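Breakdown of the fold
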Amino acid sequence: RESGPSKVGEPKPQKRRVTLTHPDRIYWPDEGITKEGLADYYAEVWPKIAPFIVGRPLALLRCPGGINGQKFFQKHAWNGISKHISQVKDPGKKAEEAMVAINDLDGLMALVQSAALEIHPWGSTVADWDHPDTITMDLDPGEGVAWEAVVAGAHEVRQRLADAGLEAFVKTSGGKGLHVVAPLKPKADWPAVKAFTKALAGAMAADDPEAYVATITKSRRKGRILIDYLRNQRGMTAVAAYSTRARPGAAVSMPVAWEELDQIGPAYFTVLNTPGRLAALDRDPWEDFHAAARPLEVKPPRRR
Ligand code: ATP
Ligand code: MN
Ligand code: MN
């Protein structure tokens, strides 16, 4: 396996301790990626993915038979769940079943053992469920939309976030679109963050109705990009940076530099080419992500 040198100041990839049953079980048949191969991938990217999945409520797309078998979205703890996965109670919904969270690499390996082929965190942490530390604007191209238009849409979202004093970063979804992600200092609550993102998406659709829509109505989406702001609502999720996707091609959701967007596509980075990419990068394009967090000032964005 390829393995990049650890950079100074970054935690080293850790050794795994969780036993995998059936390590040779095939998860992505076309690429020949097994359960053990997935564990190796996550051990390698652990220092990168940890800040995005540790200490947050998680929804999991579990696929015990691999990507071509049955899939189910798991939002709650289950019978026989690993002791390495923590069970957390939503303080706002005391009667609800426990949700799942992880604290360390053993927790991530337990997710692999549980056939979690996609990891979808909340935009807030279990330390502060009600104040998001992340905005995710999900760009969903309708039928016939060119990649260049998706990239232009992402830049437009970035500009509008900048107008509101927020720095934005971009990642591939590993599917069809892009996610523009802004780190927040937890201050505004979910309703305020949702209202802000709804206004941002609505303003884009109002200013360029041929290019963007802000509502899910299917008939309106052909040839346009849905600016899906509904990830920014309490209890909703978006796929984590570095999470794998349970789709053909074994793509991952990859943080990239804004300048890279022209040379790639939404599923360009995969389980197979990620170790090489990380080893070759001399600077993580999301290096400043956490330092860039600012509080959302709660007033609607300026219409331009
Ligand atoms: P793509 O680029 O193909 O759109 P995506 O991950 O953005 O990939 P979406 O369908 O736009 O896929 O969904 C955005 C996010 O909404 C997902 O990453 C996931 O966290 C959440 N989501 C989607 N479908 C479900 C579902 N059935 N149940 C729970 N959450 C979902
Ligand atoms: Mn999407
Ligand atoms: Mn979406």
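The following paragraphs examine the structure supplied in this document. Within each chain, residues carry numbers counting from 1 in the order of the written sequence. Note on labels: chains are lettered from A, ligands numbered from 1, in written order. Whole-chain, interface and lining totals are the exception, using all residues; otherwise, since this is a predicted model, local features are given only for residues with pLDDT of at least 70 and side-chain atom pairs are given and counted only at 80 or more.

**Re the overall build of the chain**
Quick note on the threshold: A run of DSSP states H or I qualifies as a helix once it reaches four residues; a run of E qualifies as a strand once it reaches two. Both are numbered from the N-terminal end. Here the globule rule reads 2.2 Å times residues to the power 0.38, and the radius of gyration is calculated from C-alpha atoms. Any pair of residues counts as being in contact when their C-beta atoms, constructed from backbone geometry, are within 7 Å of one another.
The helix and strand inventory of the chain stands at five helices and 13 strands. The globule rule puts the C-alpha radius of gyration for 304 residues at 19 Å, and the 19 Å found for the chain is close to it. Along the first, second and third principal axes, the C-alpha set of the chain runs to 55 × 45 × 45 Å. Of the contacts formed within the chain by residues at least 6 apart in sequence, a portion of 69% connects residues at least 24 apart.

**Things to note about the site of ligand 1**
Put simply, the rule is: Residues are counted as near a molecule or strand when the C-beta atom, derived from backbone positions, lies within 6 Å of that molecule or strand. Three residue categories are used. Nonpolar comprises Ala, Val, Leu, Ile, Met, Phe, Trp, Tyr, Cys and Pro, charged comprises Asp, Glu, Lys and Arg, and polar comprises the others, including Gly.
Taken together, 15 residues sit near ligand 1, with His-120, Ser-173, Gly-175, Gly-177 and Val-239 positioned nearest. Across the shell around ligand 1, the residue classes break down as five nonpolar, five polar and five charged.

**As for the pairing of strand β3 (residues 58–62)**
Put simply, the rule reads: Any residue whose C-beta has 12 or fewer other C-beta atoms within 10 Å is treated as exposed, any with 20 or more as buried, and any in between as partly exposed, C-beta atoms being built from the backbone. Note on pairing: two strands pair once DSSP finds at least 2 bridges between them.
For β3, a buried count of four out of five residues is recorded, marking the element as mostly surrounded by other parts of the structure. Relative to strand β7 (residues 116–121), β3 runs antiparallel, the two being bridged by five bridges. Looking at β7, one finds that Leu-61 is bridged to Glu-118. Bridging between β3 and strand β4 (residues 72–74) involves three bridges; their strand directions are antiparallel. Bridge assignment links Leu-60 to a residue of β4, and that residue is Gln-74.

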